[in-house]
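# Understanding the architecture of this molecule
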Amino acid sequence: MKVDVLLGLQWGDEGKGKIVDVLTPNYDLVARFQGGPNAGHTLEFEGQKYVLRSIPSGIFQGGKINIIGNGVVLDPALFKAEVEALEASGHDLTRRLYISRKAHLILPTHRLLDAAYEAQKGSDKIGTTGKGIGPAYTDKISRNGLRIGDLDYNFEEKYKQAIARHEELLHQLHFEYDLASLEKDWFEGIESIRRFRRIDSDHFINKELTENKKVLAEGAQGTMLDIDFGSYPFVTSSNTICAGACTGLGVAPSKIGEVYGIFKAYCTRVGSGPFPTELLDETGQKMRDLGYEYGSVTGRPRRCGWIDLVALRYAIMIDGVTQLIMMKSDVLDTFDTIKACVAYEMDGRETEDFPFEIDDSLQPVYVELPGWKTDMTKMQSEDEFPEEFNAYLSFLEETLGVNIKIVSVGPDREQTIIRYTE
Ligand code: GDP
Ligand code: IMO
Ligand code: MG
């Protein structure tokens, strides 16, 4: 079998966690392939709400195996807190959650360095989640990282060397910190990691594929936050795109099957950086209020705006999306008019291609569509869709060139409408 990939097409928080949970019954194995606890994936079912950061979102569906892949950076302290919260709510993870020995560790000093670099950037700061993501990936790329597999090989010595190097950097940055308090939680987290099966996930996943098992790769962040193709430098430090599933799990490009691209019916972004369709008016505030657009990790208000089809088309191209999933259309249920950005006007000319740089001179070119003005949150099938909503779907499918397979009309697992089956 092949690996199907589900990933965000915008600036993250599209609703990946919810849909991975919905799709998991069709798979044998779910694997996170990149990112770390900068992610916050929310799931709601049976009146309960869970936010996952490092643990894949397939963990709640029966006995499916969930893997933290080699492309992930793992913070032991946050991992332990996540495990404990899930176990306290009655979910036993021990036999279902495996961790790649090639996944990298986020050290306590990575978090300090993240804060120090942000402070140094001042008003140019990225607005990171403060979880040490950038510094951990920097160490990985500069060949200084510590991996889960190192826990079994001279770990104390490797840890001490890395910390000494980081402390020197923190000293150069004149950053004040209290490492001891962070280290206590961190080492308790290491013990928590030791409880789980640490595997060669590359071999494991490929073997499962040859045995006809179905694998779902769970993306984190979004395509516009990708280190190569996102709105650099206001991006995360990893490849969030479909190709990241190959490097983050050790599966060949020829083994990729369906690519599910997930997007909101509008657009949000947390942190700094360009956002062509951002609305700083009451319409943006209405989206924030109705969509409850506050970060699931940091609680920061998310910036809101109209859907950006220029950026979406670009993401679909980079990811090779085969099926689309539209989230949170219910947030627009009361709007009279829906706008969609179909081009950018720059330097007096229109472009439909996502540009190298976005500056203040850029103006979005909008198409206006009539709102459907119907509460869709209890709908169960596409037969119930209002005419205007169908027109909106057709317009998106035509402009984006890919079919919309799933429409999500609320945060709950049940509020999900699958439009067609292959
Ligand atoms: P992820 O990071 O892509 O998994 O997304 P987040 O969990 O960070 O953010 C998505 C938010 O929208 C969460 O609070 C979800 O519970 C919520 N959500 C998901 N789908 C829908 C939907 O269709 N409608 C509404 N109103 N909320 C949704
Ligand atoms: P999920 O998986 C939304 C953003 C941060 C910041 C930039 C860099 O829940 O969709 P980092 O801490 O990664 O160095 O921050 O990336 N960011 C996210 N925004 N959702 C996420 O994950 C994000 N992960 C990182 O806000 O702008
Ligand atoms: Mg999120």
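Please refer to the structure placed before this passage.
Residues numbered from 1 in each chain as written. Chains lettered and ligands numbered in written order. Predicted model: local features only at pLDDT ≥ 70, side-chain atom pairs only at ≥ 80, totals over all residues. Heavy atoms only, no water.

## Digging into the site of ligand 2
Around ligand 2 lies a shell of 21 residues, among which D13, K16, H41, T129 and T236 are the nearest. Within the backbone of D13, a nitrogen or oxygen atom sits 2.7 Å from an oxygen atom of ligand 2. Within the side chain of T129, a nitrogen or oxygen atom sits 2.6 Å from an oxygen atom of ligand 2. Protein burial of ligand 2: of its 550 Å² of free accessible surface, 97% is covered by the chains. Residues belonging to the shell around ligand 2 are distributed by class as follows: 8 nonpolar, 10 polar and 3 charged. (Near = heavy atom within 4 Å. Polar contact = N/O pair within 3.5 Å; in protein donor to acceptor, adjacent residues only side chain to side chain. Areas by Shrake-Rupley, 256 points an atom, 1.4 Å probe, with all protein chains shown as cover. Nonpolar A, V, L, I, M, F, W, Y, C, P; charged D, E, K, R; others polar.)

## Focus: unusual backbone geometry
With an omega dihedral of 5°, the bond running from Y232 to P233 counts as a cis peptide bond. Mapped onto the secondary structure, P233 falls in the loop between β10 (215–218) and α8 (243–249). Of note in the backbone geometry, K328 takes a positive phi value of approximately 60° without being a glycine. Within the element layout of this structure, K328 appears in the loop between β15 (323–327) and β16 (337–346). (Helix = DSSP H or I, 4+ residues; strand = E, 2+ residues; numbered from the N terminus.)

## Examining the site of ligand 1
Around ligand 1, the surrounding shell holds 20 residues, and the nearest of these are G15, K16, T42, D330 and S408. Taking E14, its main chain carries an N or O atom lying 3.1 Å from an oxygen atom of ligand 1. A distance of 3.4 Å is found between an oxygen atom of ligand 1 and a side-chain nitrogen or oxygen belonging to R302. Here ligand 1 occupies the second largest pocket. Taken together, the elements giving at least two residues each to the shell around ligand 1 come down to α1 (16–23) and β3 (41–45). Looking at the shell around ligand 1 residue by residue, the class counts come to 4 nonpolar, 8 polar and 8 charged. (1 Å grid on protein atoms, 1.4 Å probe; cavity = no way out; pocket = protein on both sides within 12 Å on 5 of 7 lines; lining within 4 Å. Sits in = over half its atoms within 2 Å of the grid points.)

## Side note on the state of the cysteines
Here the structure, examined in full by the defined rule, presents 0 disulfides. There is no disulfide at C341, and the cysteine sulfur nearest it, in C267, is 9.2 Å away. (Disulfide = S-S within 2.5 Å.)

## Quick notes on the packing of helix α10 (residues 309–319) against helix α11 (residues 387–400)
In the contact formed by α10 and α11, the axes pass within 10 Å of each other and the chain directions differ by 55°. With respect to α11, the axis of α10 lies oblique. In the crossing of α10 with α11, the sense of the turn from one axis to the other is right-handed. Touching L309, L312, R313 and I316 of α10 are F395, L396, T399 and L400, all from α11. (Axes fitted to C-alpha atoms, helices over the stretch in contact; angles between N-to-C directions. Parallel < 35°, antiparallel > 145°, perpendicular 65-115°, else oblique. Left-handed = near helix turned anticlockwise from the far one by under 90°. Contact = heavy atoms within 4.5 Å.)

## Thoughts on the side chain of H104
Take H104: it is sitting in strand β8 (residues 104–105). When its relative accessible area of 9% is taken as the criterion, H104 is described as buried. With residues up to four places along the chain from it excluded, the contact list for H104 reads N70, V72, V73, L74, K140, G145, L146 and R147. (Buried < 20%, exposed > 50% of the residue type's maximum accessible area, 1.4 Å probe, protein only.)

## Details of the packing of aromatic side chains
Note on aromatic pairs: each is described by the distance of the centres and the angle between the planes. Under the criterion given, the structure shown has 18 aromatic pairs. Taking 4.5 Å as the distance between ring centres and 35° as the angle between the ring planes, the aromatic pair formed by Y50 and F60 counts as tilted. Of this pair, Y50 sits in strand β4 (residues 48–52) while F60 sits in the loop between β4 and β5 (65–68), and the two are 10 residues apart along the sequence. On the basis of relative accessible area, F60 is assigned to the buried category, the value being 11%. A cation sits over an aromatic face here: R197 above Y98, 4.5 Å from the ring centre. The positively charged end of K286 is found above the aromatic ring belonging to F335, 4.2 Å away from the centroid. (Phe/Tyr/Trp six-rings, centres within 6.5 Å; stacked < 30°, edge-to-face > 60°. Lys NZ or Arg CZ within 6 Å of the ring centre and 35° of its normal.)

## What about empty space enclosed by the protein?
The gaps of empty space that remain are located by a probe, the size of a water molecule, rolled over the atoms. Considering all chains together, one arrives at 1 cavity of 30 Å³ or more under this definition. Estimates place the volume of the largest cavity at around 30 Å³. Together, N70, S100, R101, K102, I199, D200, S201 and D202 line the largest cavity. (Points joined across faces, edges and corners; volume = space filled by probe spheres on them.)

## Let's talk about the pattern of salt bridges
For the structure shown, the criterion picks out 25 salt bridges. A salt bridge links R194 to E191; the nearest nitrogen and oxygen atoms lie 3.5 Å apart. In this pair, R194 and E191 are both assigned in helix α6 (residues 179–194), 3 residues apart and thus about one turn of the helix distant. Take R194: its relative accessible area is 31%, and that puts it in the partly exposed class. Through salt bridges with shared partners, one network takes in D13, K264, E293, R302 and K328. (Salt bridge = Lys/Arg side-chain N within 4 Å of Asp/Glu carboxyl O.)

## Structural notes on α6
Given 3.6 residues per helical turn, the α-helix brings residues three or four places apart onto the same face. Counted at 1.5 Å a residue, the expected span for α6 with its 16 residues is 22 Å, and the 22 Å between its end C-alpha atoms agrees. The N-terminus of α6 is capped by D178, whose side-chain oxygen sits 3.5 Å from the backbone nitrogen of A180. (Expected span 1.5 Å × (residues − 1).)

## Here's the deal with the layout of surface pockets
The volume enclosed by the second largest pocket comes to roughly 550 Å³. Lining the second largest pocket are 28 residues, with T42, G291, R302, K328 and P411 sitting closest to its centre. Where the lining of the second largest pocket is concerned, the elements lending two or more residues are α1, β3 and β4. Here the lining of the second largest pocket gets 4 residues from one element, more than from any other, and that element is β3. Residues of the lining of the second largest pocket, tallied by class, amount to 8 nonpolar, 10 polar and 10 charged.

## Considering the pairing of β3
Only one face of β3 is covered, namely the one carrying H41, L43 and F45; the face carrying T42 and E44 has none of its residues buried. One ladder, built from 5 bridges, connects β3 with β4; its direction is antiparallel. Opposite H41, over in β4, you have L52 as the bridge partner. (Pairing = 2+ DSSP bridges.)

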